[in-house]
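Here's the letter readout for the chains.
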Amino acid sequence: MTSGFWLTQQTGRFVLGGSYADAGVTGRKIVADTYGGFSHHGGGAFSGKDPSKVDRSAAYMARKIAKDFVREGYAKRCEVQLAYAIGVAEPVGVYVNTFGTSDYALEQLVGVVRERYDLTPQGIIKELNLLDVDYTKTTCLGHFTKPYLPWEQ
């Protein structure tokens, strides 16, 4: 992602909106449900959205990638950010921050992310098996740090 880089509705068409396409929720304590202010947050809510919405699924995938990088020794600390544009399946931006704890260049790590992971909404749904998750288990104490959730494994 580049600072000051903004994309607006990339397809040029608006097919389906309102409650038919999205639950319309903007957030239910989204920072508390994630990292409690410790990490950057795009502002999109998870709860009330199906896995096809990247507000939810891409946040889970970014968490999984960061955990994979730490587990595999790429870094001791890692944050992954994914940016999407409406109507574009692949992320328009991938950003990795290791807070100085990696021997790898950030560009190399971004390359690993793009090569190793299918970051389309359908690819994320398949990778994390998001159609078979019991999301009621995320309603208490947030969406992260629960070892039985697929993005935490």
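Residues numbered from 1 in each chain as written. Predicted model: local features only at pLDDT ≥ 70, side-chain atom pairs only at ≥ 80, totals over all residues. Heavy atoms only, no water.

- In the nomenclature of an unreviewed UniProt entry, the protein corresponds to methionine adenosyltransferase.
- In UniProt, the protein has this text filed under Sequence similarities (unreviewed entry): "Belongs to the AdoMet synthase family."
- Per its UniProt entry, the protein bears the Pathway (unreviewed entry) comment "Amino-acid biosynthesis; S-adenosyl-L-methionine biosynthesis; S-adenosyl-L-methionine from L-methionine: step 1/1." (UniProt positions renumbered as here; feature names shortened; annotations may be inferred.)

Focus: the pattern of salt bridges
Moving on, step 1. Per the counting criterion, the structure on display carries five salt bridges.
Moving on, step 2. When the shortest N-O distance is used, the salt bridge between Lys 64 and Asp 68 registers 2.9 Å. Taken together, the positions of Lys 64 and Asp 68, both in helix H2 (residues 54–71) and four residues apart, correspond to about one turn of that helix.
Moving on, step 3. Close ionic contact of Arg 71 with Asp 68 constitutes a salt bridge, the shortest N to O distance being 2.6 Å. With Arg 71 and Asp 68 both in helix H2, this residue pair falls three residues apart, about one helical turn. (Salt bridge = Lys/Arg side-chain N within 4 Å of Asp/Glu carboxyl O. Helix = DSSP H or I, 4+ residues; strand = E, 2+ residues; numbered from the N terminus.)

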